[in-house]
Structure formats: structure tokens, C-alpha cells
Amino acid sequence: MIKKQEGFRIYEYILFAGITFLVFILCVSVGSVSVPLKDIFTIIWNSVWGIPIPETIASPSIILSVRLPRVICAALTGASLSLCGGAMQGLLRNPLADGSTLGVSSGAALGAAIAIAFGITMPSLPFAGTMVMAIVFAFVSLIVILTLAYKMDFSLSTNTIILIGVIYSMFVSSILALIITFAPDKVKHITFWTMGSLSGSNFDNALVLLFALVIFGGGIVLHARELNAFAIGEENALHIGVNVKRVKLLIMIFVSGLIGVCVSIGGSIGFIGLVTPHIVRMITGPNHKRLLPASLFGGATFLMLADLVARVLLNPLELPIGVVTSFVGAILFVYIFYTSRRKTHA
Amino acid sequence: MLEVKNLKVRYGNLTIVDDVSFSINEGQWLMIVGPNGAGKSTIIRAVSQGAPYTGEVFLYDKKIEEYKPYERARIIGVLAQSNYVNYPFTVREVIRLGRYAYAPGIFSRQSEEDERYISEAIEMTGLGSLLNKSVLTLSGGELQRVFLAQLFAQNPRILLLDEPTNHLDLLYQKQVFALIQDWLKTPGRAVVSVVHDLSLARAYGRQALLLDKGKIKALGDIDEVLNPKNLDMVYSMDVYAWMRSKLEQWR
């Protein structure tokens, strides 16, 4: 019998990475000031090696200090959120699960806002306070939502989880709005937290995102087999010998960690974690060994493009990035909900 | 092999399983029978660690909680009443997961032995032509065979079956039970199954446990347990007369 490889093949990695890279270059060159491709390469190449950039190139500082970090942050955030969405959809065997539909992102936003409003910081790492609070709140939110869902409906049906997620999001958003009302000068405007924005991103943000993605995202990818078992059924996972409680807890920690970091940097960007794994699943199938790596690239590509649209559509006005992702995501959400309900009622 | 002592399962203040004790040895096929709501499936769920319980469960004289989940899965395999899958996994992917217990680590890879057990399981269940099909496209009977193949690939020594053919056609019922009967021929194996069809229980079982409202009414050889007195009491009707009258229709 031919051994069939289950994971992502090398050429698939190259293909996905290639597309992601092309979109990356496109997003760096297009914007309020468009820079030719040749110049982009020269700017990046020369600054990496410390060679002075030729005078003929118009605006290297826009590329280097504004657009490049922003596009990198968009790619990393998109990859992270999509990975989280894929992991949660597997863990809860629910194709509509995602940080934004479950209310985890809102929870993280609340945590971050509280940290900023009340000046909660970590000694020596000033911005870490916000991030840790966002992670903790994301984790607590996940626990609260799942506990409520279990109490109401032991089978954790799609409808119950989504309903509780929506209610929880509204509840948390109201507290968030209250905090912002009392500390308007410190906390960023509410649209940042509900719609997200990557406009102020810098290279430090990118580094933190990369670090989080390697640690937490790595943890998720290494549990692809367990996620497969969960996606087939939690009871079945228990029967074949998966340490169900431990894996569930680990995945929830990884997901909260990633969402917390993403939200504290870019606000809560909705629906990307829902949309990407869903589209990717149509190409790779539901096996997480393929789905998760493909979601990383797919999410990066999707969010870079969404950010591009947010930047250039109404130039010089800028849209919050969540406007773009939620617009696409909400339509797709209805479609998934509709088709999956039709399937169960058939 | 398996010993259950004073098993008690409660949901809130409702006692589902009340003080049930039994044991099973190599080569035995124990049928758990009884009316609806007697707690049959709950026993399986508790023993497979899927429901909280009090009392003790021993596997080879060692408490079941002392086994790691993957160690337990190498000894006990479970076939649930029905499996409903949400995503289009292929038949092969589902069967392959049966080998999880033999490579539970994050970096472990599939071995030659895994491949052999998977091929064997596929052959036994006759799923060769369906391997690359999505499980969403299968009929209930085919899906149940896929999970049976997963169970065979897992290669446990004790099978716990919870009404494995509940929703299946007669043909599939016969196929599944015949497969399990074959599986049991290898020494060192045993089966515990919940069955509500008394004729099926009698056709394949050797031992039986008759359950009523969570309590054991009778336990022992199946012919002794399923005697008229016991059955009439538990089912509140003349079971023998009913079974015979049903059989008459086919003469």
C-alpha cells in the first residue's frame, strides 16, 4: 500500500509562501504614495545591509518606518488570528467558532483597555501590562463562555455557543465603552477596540507578534493530530487515548495568548479567524496538519489585502481594518450558517 | 481483565447507576441488557472515563485512573452508539486516528506497525473502496463501520460497545456482530456490549448483566440471566410469549 503523506507537502509550502510574498510586496509598494517595485527592493536590500539609499528614490522613510512594519504586522496578525480560528473550530467542532464570534477578542480588548485606563504596567516592560491583561481577559472570557454553554446545552451545539458569544461580546463592549468614557484621554477611541487598526504599528510590535506566533502558534500547530480527534468528536478523542482535558486547556491557553497579543496591538479585528480557515478548508480539507499551516499563509495574505483596502479605498481617509474584514466575514458567516443548517436538517 | 466494583453514577440527585459490580475475563462477551433508562449506556460511559462516577474500575488489577489516557486506550476501545461528524474528513483519516495511542507524543511518527494494523482494519471491515471518501457522504451503516475499523486499528484488548447497531439495517447489524465475533476469537480479548435487542444479545453473548433502574437484577451465564422470571419482572410483560409470537410470523 502506498503511504499517503498526511501533512502539508513541500511544494504546497512553497506555493503558499510564494503567494504570500507576492501580496506582501504588492502591499508595501501600493499606498498613498506608490513606490515602484524596483525601488522597494533597493530600499529593503540596502537598509538590511546598511548601504546608503540612493537619492533618486523618493520616499524611503515612508516605506521603512511606516508601511513596512505595518504590512508585516498585518501579515503576522492575520496569520495568528486565522490559526486561532482554525484551532477553535477544530476544538469545538464548530465551523462558526472564532475569537470574534465567541467574544474572546472583546474580552481581550476589555482587558487591554482596563490596563491602560488604570495604568497597570509591568516593571521594566511598560507595554507588557496591557498585553498580559489582554491575554488573561481572553482566557477568562473563553472559560466563561464555554462554561455557560456547557451549563445550558451539554452537547455544545453551534447555536448555543454563538448566541452566548454574541451576548457576551455585547456585555463586555458596554463595559469597555464605559471605561473609555471615563478615561477618554488615555484609552484609544472605541473604534480601535471594536474594529481594529494597524495604522500605528512599528517594528517592536512586529517583533512581539512574531514571538507570540512562534510560541503560542507553534504550540497549536504541534497539536494538529489532537485537533483532528477533537474535530471528529470529543468523545471519540477520549476513546482513542487523547488526554482530552489537558489538550483542551493547552489549546485554550495558546489561543488566548495569541488573541491577547493581537488585540493589544491591533484592536479586535473581526471575522478573519472565521473566514480564513473556512476558505482554506475547501482547498486543503479538514485535516489540521494541512489546514493549520495553510491558514497561517492564507490569514497573512487576507489581512494584508484587507489592510491595503482600508488604506487606499478612501485615500487619504483611512478605514478601520475591521470594516473590511467584517464586511467580507459577515456575509460569509451567513453563508456558512445557512449551508451548515441545511445539512443538519436534511 | 476488567473489574468494576460498586459503580455509582449520579446526575444531580438522580441516581442512574446504583452499586453495579461485575468483572470480565478473556474470551468472554458480556451483554448488558435491560429496558430503556436502566443505565446501560451510562455504565459504558463511566468505565470509559466519559462520565463522573464513584466506585472503582480495575484493569488488570490496577486502578483505571492510574493509567495515562493513551495507556488506557491501548487496553480499552469504545464504539459509541452513533458518531456524528461535522467536517469532511476522509475515511482513511478517521481510521488512522485509531493509532493515536501508540504514538501520543507531539513529534511521533507513523510506524510500519501502525500501517499494518490500519491495513488489517480496513480489510476486516471491507472499507477498501471508500478510503478517500469524505465521511459526510457515507450512510449510517458505513460510518459505523469506519469507527469500527478505527477501533480495530486501535487494537485494544477489551471492546466496550454501546448499542453499536442501534440505527442500522439488519444486514449491517449482522455484519458488525459477525466482525466482533471474529475479533473475539483471538486469545486475550473480551467484549462488553450494551444491547437492547434481547434476541441479538442471546445470539452472540455468553454472559449477561440484566439491569433495571440502575440496579443489577441478574448476572451470569446468558441463558440463566434471561430466564422468564427475571425478564417478566424487569420488563413488566411476558417477554417469552411476545418473542415467540413475533417468531411465529416468520414461519
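Residues numbered from 1 in each chain as written. Chains lettered and ligands numbered in written order. Predicted model: local features only at pLDDT ≥ 70, side-chain atom pairs only at ≥ 80, totals over all residues. Heavy atoms only, no water.

(A) The side chain of Ser-201 of chain A, seen in detail. Residue and element names in this part refer to chain A. On the secondary structure map, Ser-201 appears in the loop between α8 (190-195) and α9 (203-221). Overall, Ser-201 belongs to the buried group, its relative accessible area being 7%. Separated by 2.4 Å, the side chain of Ser-201 and the backbone oxygen of Leu-198 make a polar contact. Leave out the neighbours within four places in its chain, and Ser-201 touches Pro-69, Arg-70 and Cys-73. (Helix = DSSP H or I, 4+ residues; strand = E, 2+ residues; numbered from the N terminus. Buried < 20%, exposed > 50% of the residue type's maximum accessible area, 1.4 Å probe, protein only. Polar contact = N/O pair within 3.5 Å; in protein donor to acceptor, adjacent residues only side chain to side chain. Contact = heavy atoms within 4.5 Å.)

(B) Structural detail: the sheet that holds strand β5 (residues 62-63) of chain B. Residues and elements named next belong to chain B. Ordered in space as β2-β1-β4-β5, the four strands form an open sheet in which the pairing is antiparallel. The sheet terminates laterally at β2 (14-24) and β5, the two strands that pair on one side only. Here five bridges tie strand β1 (residues 2-11) to strand β4 (residues 54-59), and the two strands are oriented antiparallel to one another. Bridged to Leu-2 within β4 is Leu-59. (Pairing = 2+ DSSP bridges.)

(C) Examining the interface of chain A and chain B more closely. Listed by partner, the interface residues are 29 residues for chain A and 39 residues for chain B. Together chain A and chain B conceal approximately 3,100 Å² of surface at their shared face, both sides included; 57% is due to carbon and sulfur atoms. Our count for the chain A to chain B interface comes out at one salt bridge. Linking chain A with chain B are 10 residue pairs in polar contact (both at pLDDT 80 or more), by the criterion used here. Elements with a contribution of two residues or more to the side of chain A that touches chain B: α3 (60-91), α10 (224-232) and α11 (234-239) of chain A. Take the side of chain A that touches chain B: its biggest share by element is six residues, from α10 of chain A. Per-class residue counts for the side of chain A that touches chain B are 10 nonpolar, 11 polar and eight charged. (Buried area = accessible area lost by both parts, 1.4 Å probe. Salt bridge = Lys/Arg side-chain N within 4 Å of Asp/Glu carboxyl O. Nonpolar A, V, L, I, M, F, W, Y, C, P; charged D, E, K, R; others polar.)

(D) Examining the packing of α9 of chain A against helix α12 (residues 244-266) of chain A more closely. All names here are of chain A. Close contact between α9 and α12 brings their axes to 9 Å; oriented N to C, the two are set at 165°. One finds that α9 runs roughly antiparallel with respect to α12. You can see that α9 and α12 cross each other, and the crossing is left-handed. Across from Asn-205, Val-208, Leu-209, Ala-212, Leu-213, Phe-216, Gly-217, Gly-219 and Ile-220 in α9, the residues of α12 making contact are Phe-254, Val-255, Gly-257, Leu-258, Val-261, Cys-262 and Ile-265. Here the contact of α9 with α12 is composed, by residue class, of 12 nonpolar, four polar and no charged. (Axes fitted to C-alpha atoms, helices over the stretch in contact; angles between N-to-C directions. Parallel < 35°, antiparallel > 145°, perpendicular 65-115°, else oblique. Left-handed = near helix turned anticlockwise from the far one by under 90°.)

(E) A look at the side chain of Ser-41 of chain B. The topology assignment puts Ser-41 of chain B in helix α1 (residues 40-47). Setting aside its immediate chain neighbours within four residues, Ser-41 of chain B contacts Gln-81, Asp-162 and Val-194 of chain B.

(F) Fine view of the pairing of β4 of chain B. Residues and elements named next belong to chain B. Across two bridges, β4 lies against β5 in antiparallel orientation. Pairing of Leu-59 across the sheet is with Lys-62, part of β5. Hairpin connection from β4 to β5: two residues lie between these consecutive antiparallel strands, with Tyr-60 at a positive phi of about 45°.

(G) How the structure looks around the packing of helix α5 (residues 104-117) of chain A against α12 of chain A. Residues and elements named next belong to chain A. Direction vectors running N to C along α5 and α12 enclose 60°, while the axes themselves pass 9 Å from each other. When the interaxial angle is binned, α5 and α12 end up oblique. For α5 against α12, the interelement crossing comes out right-handed. Within the contact between the two elements, α5 uses Val-104, Ser-105, Ala-108, Ala-109 and Ala-112 and α12 uses Ile-259, Gly-260, Val-263 and Ser-264.

(H) Representation of helix α6 (residues 170-184) of chain B. Residues and elements named next belong to chain B. End to end, α6 covers 21 Å across 15 residues, agreeing with the expected 21 Å (1.5 Å per residue, within 8%). Taken together, the buried positions of α6 are Tyr-172, Gln-173, Val-176, Phe-177, Leu-179, Ile-180, Trp-183 and Leu-184. One face of α6 carries all of its buried residues, which in axial projection span an arc of 155°. For α6, the exposed residues lying more than 90 degrees away from the buried face are Leu-170, Leu-171 and Lys-174. The inward-facing, buried residues of α6 contact β3 (29-33), α4 (112-125), α5 (140-154), β7 (158-162), β8 (190-194) and α7 (198-204). (Expected span 1.5 Å × (residues − 1). Arc of directions from axis to C-beta.)

None of this, on its own, says anything about what the molecule does.
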